[in-house]
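Structural characterization, general
Here is what each chain is made of, one letter per residue.
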Amino acid sequence: MSKSQLSAGDVLVANCTRCRQETNHTIVALVGETPAKIKCHTCGSEHKYRKPAAARKKAAPATPRARRTKAEPQAPEKQQWQNLQLNGTEKTQPYSMEARYRLMDLIEHPLFGIGQVQENSGTRKMTVLFVDGLKILRCG
Ligand SMILES: [Zn+2]
């Protein structure tokens, strides 16, 4: 069975001059075994048959999306955070602007999550290390 035997009414994929892409076409007229006139299923226009893309050299297989090899330089704060090796079982205190905390206390901030008090200068401000980095929070 030869697939090259085409006849009027057959459907083939061809470049549509109007759609400017490959679409399904119905063969309207043939010259010998070559479709001469085809009708696009997408836009309905009839036009001359053009050699399908198969005639072109096959495009190289798409390469898998290259992974970014450039490693993002790790911020020291991130490293610091990882060094804490929190596993979620630590006892944390809910963060409150009025509460007092000691160094290395673990607090839980509604926005930033769990953090560790890194610096408490006693000026009602403390530096807390969160997963996103250091933040300065008010404290009691
Ligand atoms: Zn078309």
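An account of the accompanying structure is given in this report. (Residues numbered from 1 in each chain as written. Predicted model: local features only at pLDDT ≥ 70, side-chain atom pairs only at ≥ 80, totals over all residues.)

Focus: the nonpolar core
- In terms of nonpolar packing, the biggest core is built from eight residues, these being Trp81, Tyr95, Tyr101, Ile107, Met126, Val128, Leu129 and Cys139.
- If you tally residues by element for this core, the top one is strand 8 (residues 125-130), at three residues.
- Tyrosine 95 has contacts with Ile107, Glu108, His109 and Leu137, leaving out every residue within four places of it along the chain.
- Membership of the second largest hydrophobic core comes to six residues, among which are Cys16, Ile27, Ile38 and Cys40. (Core = buried A, V, L, I, M, F, W, Y, C linked by C-beta atoms within 7 Å. Buried ≥ 20, exposed ≤ 12 C-beta atoms within 10 Å, placed from the backbone. Helix = DSSP H or I, 4+ residues; strand = E, 2+ residues; numbered from the N terminus. Contact = placed C-beta atoms within 7 Å.)

As for the sheet that holds strand 5 (residues 93-94)
- Read across the sheet, five strands follow the order 5-6-7-8-9 without closing on themselves; strand pairing throughout is mixed. Bordering the open sheet on either side are strand 5 and strand 9 (133-138), each of which pairs with just one other strand.
- Judged from the five bridges that link them, strand 7 (residues 113-120) and strand 8 form a sheet pairing that is antiparallel. Its bridge partner being in strand 8, glutamate 119 is matched across the sheet by threonine 127.
- Here helix 1 (residues 76-84) sits on the sheet in contact with strand 7, strand 8 and strand 9, set at roughly 75° to strand 8. (Pairing = 2+ DSSP bridges. Axes fitted to C-alpha atoms, helices over the stretch in contact; angles between N-to-C directions.)

Side note on the sheet that holds strand 4 (residues 46-48)
- Strand order in the open sheet formed by four strands is 1-2-3-4, with antiparallel pairing between adjacent strands. Edge strands, defined here as strands with exactly one partner in the open sheet, are strand 1 (11-15) and strand 4. This sheet shows a mean twist of 50° between the axes of neighbouring strands, independent of strand direction.
- Strand direction decides the pairing type here: strand 2 (residues 22-31) and strand 3 (residues 34-40), joined by six bridges, are antiparallel. Residue pairing across strands places isoleucine 27 opposite isoleucine 38, the latter belonging to strand 3.

These figures come from the coordinates and say nothing about function on their own.
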